[in-house]
Amino acid sequence: VQLQASGGGMVQAGGSLRLSCVVSGVTLNNHVVAWFRQAPGKEREFVAAIRWRGGHTFYADSVKGRFTISKDNAKNTGLLQMNSLKPEDTAVYYCAAHTYLIVSATYSAQHYDHWGQGTLVTVSS
């Protein structure tokens with residue numbers, strides 16, 4: 001299983017970016033696809049996740065109302081639409097995937113087996 005993240009870049013505060021995570025090697029079905037981020041000097045933190053079957057979504061409090069996670073079944077791709085970006089959103093964003101996870105495990109990076117290479121998002125003030 002391989003994950004390819006893309007879509008990062010540099011934007012001004014208030015701007016938008018859309019990240020993509022193309023998954024190959026498996027047809028996503030009973031999986032969870034998530035986004036985590038890691039800022040310099042900080043630990044990796046959960047951003048958002050989506051259960052492929054059913055489409056249930058999960059968000060960190062810091063991004064609720066600004067970020068939207070979705071899926072494209074035909075392209076086996078997870079998407080993260082990021083609006084109203086803030087300088088504190090600056091980080092390397094990683095996508096991750098795993099077979100079905102219970103809710104509590106969904107938020108923890110240690111439960112994900114498959115990771116993409118990361119894409120850098122820089123938000124200037």
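Above this text is the structure in question.
Computed from a predicted model, the values in this text were never measured in an experiment.

Peer 1: Whenever I open this one, unusual backbone geometry confuses me. Can you help?
Peer 2: Residues apart from glycine generally show negative phi values, whereas peptide bonds are mostly found in trans. The phi torsion at Asn76 lies on the positive side, around 50 degrees, for a residue other than glycine. Within the secondary structure layout, Asn76 lies in the loop between β7 (67–72) and β8 (77–82). Of note, Ser84 is a non-glycine position whose phi angle comes to about 50 degrees, a positive value. For Ser84, the location among the structural elements is in the loop between β8 and β9 (91–99).

Peer 1: I would appreciate a short explanation of the pattern of salt bridges in the present structure.
Peer 2: Side chains that carry opposite charge are capable of pairing whenever their charged atoms lie near each other. According to the stated counting rule, one finds four salt bridges in the structure shown. We note a salt bridge from Arg37 to Asp89, for which the minimum N-O separation is 2.9 Å. A residue pair is termed long-range when its members are at least 10 positions apart, and Arg37 in strand β4 (residues 31–38) and Asp89 in the loop between β8 and β9 qualify at 52 residues. What makes Arg37 buried here is its relative accessible area of 5%. Here the salt bridges do not stand alone but share partners, grouping Arg37, Glu45, Arg66 and Asp89 into one network.

Peer 1: Explain the state of the cysteines here, please?
Peer 2: The term disulfide refers to a covalent linkage connecting the sulfur atoms of a pair of cysteines. Using the criterion set out here, one finds one disulfide in the structure. The disulfide partner of Cys21 is Cys95, and the S-S distance across this bridge is 2.2 Å. Across the S-S bond linking Cys21 and Cys95, the dihedral sits near 70 degrees, which makes this disulfide right-handed. Residue Cys21 is located in strand β3 (residues 17–24), and its partner Cys95 is located in strand β9; the two are separated by 74 residues in the primary sequence. For Cys95, a relative accessible area of 0% corresponds to the buried category.

Peer 1: Is there a simple way to explain the side chain of Ser20 in this structure?
Peer 2: Relative to the helices and strands, Ser20 is located in strand β3. When residues no more than four places from it in sequence are discounted, the contact partners of Ser20 are Gln4, Ala5, Ser6, Trp35, Thr77, Gly78 and Leu79.

Peer 1: Any chance you could explain the nonpolar core here in plain terms?
Peer 2: Across soluble globular proteins, you tend to see nonpolar side chains buried next to one another. Ranked by internal contacts, the top residues of the largest apolar core, which has 39 residues, are Trp35, Val47, Phe67, Leu80, Met82, Tyr93 and Tyr112. Ignoring anything within four residues of it in the chain, the contact list for Phe67 reads Arg37, Val47, Tyr59, Leu80, Gln81, Met82, Asn83, Leu85, Asp89 and Tyr93.

Peer 1: Honestly, the packing of aromatic side chains in this entry has me stumped. Any pointers?
Peer 2: How two aromatic rings sit relative to each other is given by the distance of their centres and the angle of their planes. The tally for this structure, following the rule as stated, stands at six aromatic pairs. Between Phe36 and Tyr112, the ring centres sit 5.3 Å apart and the planes meet at 75 degrees, which makes this aromatic pair edge-to-face. Within this pair, whereas Phe36 is found in strand β4, its partner Tyr112 is found in the loop between α1 (103–106) and β10 (114–115), the two being separated by 76 residues in sequence. Residue Phe36 shares its accessibility class with Tyr112, and that shared class is buried. Taken together, the ring pairs in this structure connect Phe36, Phe46, Phe58, Tyr107, Tyr112 and Trp115 into an aromatic cluster. Arg44 extends its terminal NZ or CZ atom over the ring of Tyr94, reaching a point 3.8 Å from the ring centre. One cation-aromatic arrangement involves Arg44 over Trp115; the distance from NZ or CZ to the ring centre is 4.8 Å.

Peer 1: Just checking my understanding: could you explain the side chain of Arg66 for this structure?
Peer 2: Here Arg66 shows up in the loop between β6 (57–59) and β7. At a separation of 2.9 Å, a polar atom in the side chain of Arg66 contacts the main-chain carbonyl oxygen of Ser84. Residues in contact with Arg66, not counting those within four places in the same chain, are Gln81, Met82, Asn83, Ser84, Leu85, Lys86 and Asp89.

What counts as what
- Residues numbered from 1 in each chain as written.
- Predicted model: local features only at pLDDT ≥ 70, side-chain atom pairs only at ≥ 80, totals over all residues.
- Heavy atoms only, no water.
- Helix = DSSP H or I, 4+ residues; strand = E, 2+ residues; numbered from the N terminus.
- Salt bridge = Lys/Arg side-chain N within 4 Å of Asp/Glu carboxyl O.
- Buried < 20%, exposed > 50% of the residue type's maximum accessible area, 1.4 Å probe, protein only.
- Disulfide = S-S within 2.5 Å.
- Contact = heavy atoms within 4.5 Å.
- Core = buried A, V, L, I, M, F, W, Y, C linked by side-chain atoms within 4.5 Å.
- Phe/Tyr/Trp six-rings, centres within 6.5 Å; stacked < 30°, edge-to-face > 60°.
- Lys NZ or Arg CZ within 6 Å of the ring centre and 35° of its normal.
- Polar contact = N/O pair within 3.5 Å; in protein donor to acceptor, adjacent residues only side chain to side chain.

From the geometry alone we can't say anything about function, so treat these as descriptive.
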